[in-house]
2 protein chains.
Amino acid sequence: MTTLLDVAKKANVSKMTVSRVINHPDKVTDELKKLVYEAMRELDYHPNVIAKALANRTTRIIKLCILEDIDTTEPYYMNLMIGIAKTLDLHQYSLQLVTRRNFDIGNCDGYIITGMRESDVSWIKDLKKPVVLFGENRYGLDYVDTNNKAATYLMSQLALEKGYDKLIYIGIDSKESFEYSREAGYLQQVQEKRMIPELHRFGNHSHMAEDFIDDNWDKIEKNTAFVCASDRLAMGIERGILRRGGKIPEDFGVTGFDGVFLNQVASPKITTIKQSIIEMGSACGENLLDKIQNGTSQGSLVFEPNVSLGGTLRN
Amino acid sequence: MTTLLDVAKKANVSKMTVSRVINHPDKVTDELKKLVYEAMRELDYHPNVIAKALANRTTRIIKLCILEDIDTTEPYYMNLMIGIAKTLDLHQYSLQLVTRRNFDIGNCDGYIITGMRESDVSWIKDLKKPVVLFGENRYGLDYVDTNNKAATYLMSQLALEKGYDKLIYIGIDSKESFEYSREAGYLQQVQEKRMIPELHRFGNHSHMAEDFIDDNWDKIEKNTAFVCASDRLAMGIERGILRRGGKIPEDFGVTGFDGVFLNQVASPKITTIKQSIIEMGSACGENLLDKIQNGTSQGSLVFEPNVSLGGTLRN
DNA sequence: TTGATTGATGTTAACGGTAACAGTTTAGTT
DNA sequence: AACTAAACTGTTACCGTTAACATCAATCAA
């Protein structure tokens, strides 16, 4: 391994000059810089991240804290990690995956936290290192997320444009911020059109939505579209309708949220909100590194929703 | 942050003694050890991993190299990473996710490599740090994998026990070692029973298997079981049979391989080989750390297969 | 008694960087 | 020419830990 000193000797300068060429190039004359760059190239010099970290009193570790149970059948976290890792690698930071259990073990320079509940807010606010959340919150913590409200607003609008004349919202029975936002998007659209909102909430399991359709089939009018808060619920609704002989998309519309894997095995495919989790993960990483390196906060980062057209809305 | 020196002062010994208490406790008297432990506890001392790494000339970084394209809809890699991360965290190592592109960036203490092709063997053998592969190979490189041959052998046996009297193998059209092993397991079972083997190979896509059934439906006898090299292929076979009005499991049997997510949405569920990727990932990590820390090789680690019963075999 | 051996502990010098300060050169001013 | 400020470069000490060596006391054989 070649070190600063090797480069310094080769270029006939001091270690410090080499260090400066790397970290504060404006403070070194072009002449010396050229010599140093040349020496670096010839010796194939790569800075030792560990030594750097020791001298700077940093760890170069970012902890990704997944606070909810990891449902490994969903590619969600995988994509998130890929996105984060991509950015961190680029900046020579490394990613440490932690959960509630091993959260405290070892030092780090910053945190990316996902799956936060209300009860976590206080300890998260007490953390001494920069934090970015993945998933919206209403406690003033910086986050990265899809614009949930805009997404359901958009979906509801789309369904109305396609001519469905009733909109029913199928939500997730949870107190989390993203769910409130999704409901709000639906509500706003419906109220702007002077329609009467109808909301139902279930645990995020398809069979619950399916049973709901089954139990209430005679009360459900034709030409209704179901705006669902997740693809799972949307699939349940779809199956329920098909089981009862309903026609999708002719007589009933269904829309989902997430664009992850379930979408791929439904038939017809769900028209849904596609989130680029990888991209959002990268953004998370960049946001956090910015905080760490410059001390500046970019604030929250909200991604505008994309509709992925399947076959559960007309046209 | 409390350091070795703080502990040393508190315990009235030298830094070195404290260091020894941590790394070579047998070389310190019990009396001093007690003092040191007490000081550590009182000061809540945690070793600085960075400084340790610098002094030891190590990086505490393990690279996980995923050489094939990451299909993020499969929980496979997620589980693998979770398993590896679990072990590494325990030993204060951190995991760096790399691909072909950024493989060389930054130093590390060892590699876990998955998705290796034949053309990769030479550079992998040239790596100067310990390596463990995830997935079997025939080039003498240590690996962790399911016993692929035993798995298809077992599945074939199971199908025969259930009374199917013809076994057709549906394999993946690839030259990778695991595929050969899976074929070999089927062949061995069939040959032991003095049956005539029949193998077909396709790309790992369900529609290919589905089309195969469709195209050859009149040639397929009742009471045949299809031993498939993946759940995807098994699902295709299942769909093909159902499309043609065949009865599963009464007249036709189907078995898969992997036990990952697709299995959960098929109907009836595929009887398949379940791999605990998380556990295997942990084993990978432990195997590698062993090599790094003790220089000893545990050799390859082969997991015996588990059958996950679905509804695609009788009984 | 003495010298050699053993075992426990301390001292020193790294590991590869960086910040803070000290020293040198250069150019500008009077 | 002498003085000063600015711009650049070098020196030193330290980040927290460990290996190698030095030291010292206790034990033991001759």
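Residues numbered from 1 in each chain as written. Chains lettered and ligands numbered in written order. Predicted model: local features only at pLDDT ≥ 70, side-chain atom pairs only at ≥ 80, totals over all residues. Heavy atoms only, no water.

Participant: Hey, could you run me through the environment of A:Gly311 in this one?
Facilitator: Residues and elements named next belong to chain A. Mapped onto the elements, Gly-311 comes out in the segment after strand S12 (306-308). Along the primary structure Gly-311 and Thr-114 are separated by 197 residues, whereas in three dimensions their C-alpha atoms are 32 Å apart. Not counting residues up to four positions away in its chain, the partners in contact with Gly-311 are Ile-248, Pro-249, Pro-268, Lys-269 and Thr-271. (Helix = DSSP H or I, 4+ residues; strand = E, 2+ residues; numbered from the N terminus. Contact = heavy atoms within 4.5 Å.)

Participant: Looking at this model, I keep getting lost on the packing of helix H7 (residues 148-161) of chain A against helix H8 (residues 177-192) of chain A. Mind explaining?
Facilitator: Each pair of packed helices gets described by two things: the angle between the helix axes and the distance between those axes. Residue and element names in this part refer to chain A. At a minimum axis separation of 7 Å, H7 and H8 run at an interaxial angle of 35 degrees. Crossing of H7 against H8: the hand is right-handed. The residues of H8 that touch H7, namely those facing Asn-148, Lys-149, Thr-152, Tyr-153, Ser-156, Gln-157 and Leu-160, are Phe-178, Ser-181, Arg-182, Ala-184, Gly-185, Tyr-186, Gln-188, Gln-189 and Glu-192. Split by residue class, the contact of H7 with H8 holds five nonpolar, eight polar and three charged. (Axes fitted to C-alpha atoms, helices over the stretch in contact; angles between N-to-C directions. Left-handed = near helix turned anticlockwise from the far one by under 90°. Nonpolar A, V, L, I, M, F, W, Y, C, P; charged D, E, K, R; others polar.)

Participant: Help me understand the domain arrangement of chain A in this model?
Facilitator: Much of the literature gives interface size as the accessible area that the parts lose upon coming together. Once the domains are mapped, chain A shows domain 1 (4-47), domain 2 (61-145 + 277-303) and domain 3 (148-275). On a C-alpha basis, the centroid separation for the pair domain 1 of chain A and domain 2 of chain A is 35 Å. (Domains from an automatic or database assignment.)

Participant: Where do I start with the packing of helix H1 (residues 4-11) of chain B against helix H2 (residues 15-23) of chain B in this structure?
Facilitator: Residue and element names in this part refer to chain B. Viewed as axis vectors pointing N to C, H1 and H2 meet at an angle of 105 degrees, and their least axial separation amounts to 8 Å. Judged by the angle between their axes, H1 and H2 are roughly perpendicular. Along its contact with H1, which presents Leu-4, Leu-5, Val-7 and Ala-8, the element H2 presents Lys-15, Val-18, Ser-19 and Ile-22. Taken together, the residues of the contact of H1 with H2 break down into six nonpolar, one polar and one charged. (Parallel < 35°, antiparallel > 145°, perpendicular 65-115°, else oblique.)

Participant: In this structure, what is going on with the protein's contact with DNA strand D? I would like to understand it.
Facilitator: Around DNA strand D, a shell composed of 25 residues is seen, among which A:Thr17, B:Leu4, B:Lys15, B:Ser19 and B:Asn23 lie nearest. Across the atoms of DNA strand D situated within 4 Å of the protein, the share located in sugar and phosphate is 64%. In the environment of DNA strand D, a phosphate oxygen lies 2.5 Å from a nitrogen or oxygen atom belonging to the backbone of B:Leu4. Between a phosphate oxygen of DNA strand D and a side-chain N or O atom of B:Tyr45, the distance comes to 2.6 Å. When residues of the surface near DNA strand D are traced back to their parent elements, those giving at least two are helix H2 (15-23) and helix H4 (49-56) of chain A together with H2 and helix H4 (49-56) of chain B. In terms of residue class, the surface near DNA strand D is built from 12 nonpolar, nine polar and four charged. (Near = heavy atom within 4 Å. Polar contact = N/O pair within 3.5 Å; in protein donor to acceptor, adjacent residues only side chain to side chain.)

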